[in-house]
There are 2 protein chains.
Amino acid sequence: MVNAYAPGSGSALDPADEALIARRTAVLGSPYRLFYRDPVHVVRGSGAHLFGPNGEDYLDAYNNVPSVGHANPAVQAAVAAQLGELNTHTRYLTDGVVEYAERLTAKFPSPLDQVVFACTGSEAVDLALRIARRHTGREGIIVTRNAYHGTTAAAAEISPSLGPGNPIPDRVVLVDAPDPLRGETDPAAAEDFAARVRDAIAELERRGVGLAGMIVDSALTSDGLWLEPAGFLARAAAEVRAAGGLYIADEVQPGFGRLGDWWGFTRHGFADQEFVPDLVVLGKPMGNGIPISAVVGSADLFDEFGGDVRYFNTFGGNPVSIAAASAVLDEIEGRGLIAHASAVGDRLRAGLREIQADAERAGSGAGLAAVRGAGLFVAADLVAPGADHTGAPASAPAPDGDAALAVVNGLRERRILVSASGRAGSTLKIRPPLVFDDRDADRFLDGFAEVMRELG
Amino acid sequence: MVNAYAPGSGSALDPADEALIARRTAVLGSPYRLFYRDPVHVVRGSGAHLFGPNGEDYLDAYNNVPSVGHANPAVQAAVAAQLGELNTHTRYLTDGVVEYAERLTAKFPSPLDQVVFACTGSEAVDLALRIARRHTGREGIIVTRNAYHGTTAAAAEISPSLGPGNPIPDRVVLVDAPDPLRGETDPAAAEDFAARVRDAIAELERRGVGLAGMIVDSALTSDGLWLEPAGFLARAAAEVRAAGGLYIADEVQPGFGRLGDWWGFTRHGFADQEFVPDLVVLGKPMGNGIPISAVVGSADLFDEFGGDVRYFNTFGGNPVSIAAASAVLDEIEGRGLIAHASAVGDRLRAGLREIQADAERAGSGAGLAAVRGAGLFVAADLVAPGADHTGAPASAPAPDGDAALAVVNGLRERRILVSASGRAGSTLKIRPPLVFDDRDADRFLDGFAEVMRELG
């Protein structure tokens, strides 16, 4: 895993942290990983900041779950009030879940008029796959080369980013995303991507499994945050539908305002035509950390599935999760966080491009390339020194995962939290809570410039 | 589904409820079901009581999630306090998750020394299946005939109780549980069950899939609550292990004190020998409604899995879920709820046996049979009139699902909430919050006696 702690590899740890890690290892064991060469111990959070046991102030430029801020008081009040009233399930009539479902589905284009609630993005992905497979009577799923979609058995098998220990079965076919780092940004790149999807459909036919659908994170988060060329997801979806499959938009990471719009898929409309997926999967920031997720879809699809198989998720859409999710919508809307995310994200990208230009002028070794993103989802790659970073296909820069990891750990030493992703681990993943403000952005950029100079 | 609301079939609904149901149907759609001929609208809860919009007081004899009581103030306070401090994930060091994991695993026999947290019972079952399949390199799973284990694709395919619309694939083989209603209560019944498990293992071999493991709800909840003969699960587990498979105890329903002991599997030790499953799955009451679940297992099994595949569940074991789960343990221990559950459960069973005896003396039509259970998990079957209810195998009573549904709806008219389960839907499922007290038990028994007289 990119950016995992390897015991013994970091600096001398605080003895109390060392003791806590030993206890943790004894009882939580091997499936767990800590972040960073030197793990971060946190006891408190506020806004876009996390605090250590001795009051250390960490700037959180990574966490997308607490999108309306760590320890958000409105979410806290809503959850506490609801816990004092009622927390039961959807087999009794309650008002909140209906009101929230109406409010949520109103944010989607027709015919995405219904919703089923679950607790985690993995559960929602898993349910969307069940619906697609039942609808088509076929098993095959197409995902991108380094996708991540979750941890259930069905979600893990479509998550190649989990690494070589996680087998990808025959019923799953991988396609390369368009790669703007290699200059793939024009409409022709969308056509190339659609052609790869066509090939994948043919490959599933050849294997005798047939196409159930394609699921793509609308921001290609784990592949390295690819938002260009606009429309490439709509072109791919058209291929999938022409072959009778469903197109599933995984909005667990891009959804709820992250990209400066409610959902990531909307940016892929083209030629005045709205792009509407068959199913949309929501999660992470939906309850600001209280577990809630959802599948949004059409009545036709849900009728077909629900007529045969009921779906009951004990905690799914329970009154407390709904109270948290409602407070999150209130906060996003009431505080104008989507426009805020766009503005602060632009400031971050502009600052990073200046740092990139400075480094190029200085002819320093560490190469920053392809600063990109939308809203408060920002990425940039570290590339091998001396490469041409303009992105011309003839001289595509070589991604440098070690350099990215050095930046991640250099920032961590300055108490700025980010991580890395992408196939080579070379992509910096900068994805702060949406309340991250101009002052936070400036602190981030100052620290980033220092780290780049240090590594230069 | 047993006890599902069918629109138009009940009494004239309150117009406000009718309007809410219409809105709900428009936005939540077909996968959702409401309970009862006349759905129950709730707005508030306290202890073992739920309250409707006009203050109607429902006695909750059904819900096992709010086990330390609806709107429990200690859970509310712990969650509210933690939400005001910190709610992040397990890739940073935090104290609470380690402390809770130590406290939880201390309640299990060796070598069940480690835990992995998830959010729902379904996720925990899904993970346990992944571990069993990876450990064995085989795919086959054995479950009981009417089992329910969850809603992910992998959990649904081992949940035959979801009905004929939910296909059971070749890699899953079903076995009948011992049925005390048919007189199967002696040690020979345990041997018969073990023989059926041996046959199922052979069947998986014959199908070419091989055995990965067996998973059983330690109370056989969906099969109809079968706790006898003691030891039958241990005998079955011995067969599974002899064939190289893992035995997984599903404690989502029986766990955390429900049966008058911490876990349901412990009652299946025999001849002074403790019974220790390979993996234990926990859920529902763990956080009193805040989503948290877990897989408990040995370091050996988790090392084998976690060495190859990391497992990261974004919300799994987050500080707020852990705060809720810690408060639940405090409440169970501090208020002596396990002994309490045993005592009140015994009172319920004694009262039901009196009602059964009265009905038999009166020669009434409605037959109550096989009052059974442990702690606050109580079951009884409705059987066809005139049948011999003694349980002698030669004249096994015919289960009567319609009569059970009439009892469930008769109780609901008296604002007493239970449901029905079992293969014929004939088993009354009486499973109140653990705080259900003597007064609640008396109200329950009075209402129950009335309903039986009415139906008699």
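You'll find chain A entered in an unreviewed UniProt entry as Aminotransferase class III-fold pyridoxal phosphate-dependent enzyme, with Leucobacter edaphi given as the organism. Here is the UniProt Sequence similarities (unreviewed entry) comment for chain A, exactly as written: "Belongs to the class-III pyridoxal-phosphate-dependent aminotransferase family."

1. Quick notes on the interface of chain B and chain A
In this assembly, 96 residues from chain B lie in contact with 96 residues from chain A. Between chain B and chain A, a total of about 8,700 Å² is buried, with carbon and sulfur atoms accounting for 58% of that surface. Per-residue buried area on chain B facing chain A is highest for B:Y92, B:L93 and B:R310; these three make up 10% of the total on that side. Taken together, the links from chain B to chain A amount to 2 salt bridges. Among the salt bridges present, the one from B:R23 reaches A:E102, with a minimum N-O distance of 2.8 Å. The interface formed by chain B and chain A includes 50 residue pairs in polar contact (both at pLDDT 80 or more). Classifying every residue of the side of chain B that touches chain A gives 47 nonpolar, 30 polar and 19 charged.

2. Regarding the relation of the copies chain B and chain A
It takes a turn of 180° to lay chain B on chain A, together with a shift of 0.0 Å along the axis; the resulting RMSD is 0.0 Å. When the rotation and shift are considered jointly, the pair of chain copies conforms to a two-fold rotation axis. Within chain B, the C-alpha atom positioned nearest to the axis of rotation is that of B:A80, 2.7 Å from it.

3. Remarks on the environment of B:F108
Relative to the helices and strands, B:F108 is located in the loop between α3 (96-105) and β4 (114-118). Placed 154 residues apart in sequence, B:F108 and B:W262 show a C-alpha to C-alpha distance of 9.0 Å.

4. With respect to the side chain of A:Q356
Of note, A:Q356 is situated in helix α10 (residues 337-362). Polar side-chain contacts of A:Q356 include one of 3.0 Å to the backbone oxygen of A:L368.

5. Some words on the packing of helix α10 (residues 337-362) of chain B against helix α12 (residues 438-455) of chain B
All names here are of chain B. Two elements in contact, α10 and α12, have axes separated by 10 Å at closest approach and are oriented at 20°. On the basis of the axis angle, α10 is roughly parallel to α12. Here α10 and α12 pass one another in a crossing that is right-handed. Side by side, α10 and α12 meet where V344, R347, L348, G351, L352 and I355 of the first sit next to D438, A441, D442, F444, L445, F448, A449 and M452 of the second.

Conventions adopted
- Residues numbered from 1 in each chain as written.
- Chains lettered and ligands numbered in written order.
- Predicted model: local features only at pLDDT ≥ 70, side-chain atom pairs only at ≥ 80, totals over all residues.
- Heavy atoms only, no water.
- UniProt positions renumbered as here; feature names shortened; annotations may be inferred.
- Contact = heavy atoms within 4.5 Å.
- Buried area = accessible area lost by both parts, 1.4 Å probe.
- Salt bridge = Lys/Arg side-chain N within 4 Å of Asp/Glu carboxyl O.
- Polar contact = N/O pair within 3.5 Å; in protein donor to acceptor, adjacent residues only side chain to side chain.
- Nonpolar A, V, L, I, M, F, W, Y, C, P; charged D, E, K, R; others polar.
- Least-squares fit on C-alpha atoms with pLDDT ≥ 70 in both.
- Helix = DSSP H or I, 4+ residues; strand = E, 2+ residues; numbered from the N terminus.
- Axes fitted to C-alpha atoms, helices over the stretch in contact; angles between N-to-C directions.
- Parallel < 35°, antiparallel > 145°, perpendicular 65-115°, else oblique.
- Left-handed = near helix turned anticlockwise from the far one by under 90°.

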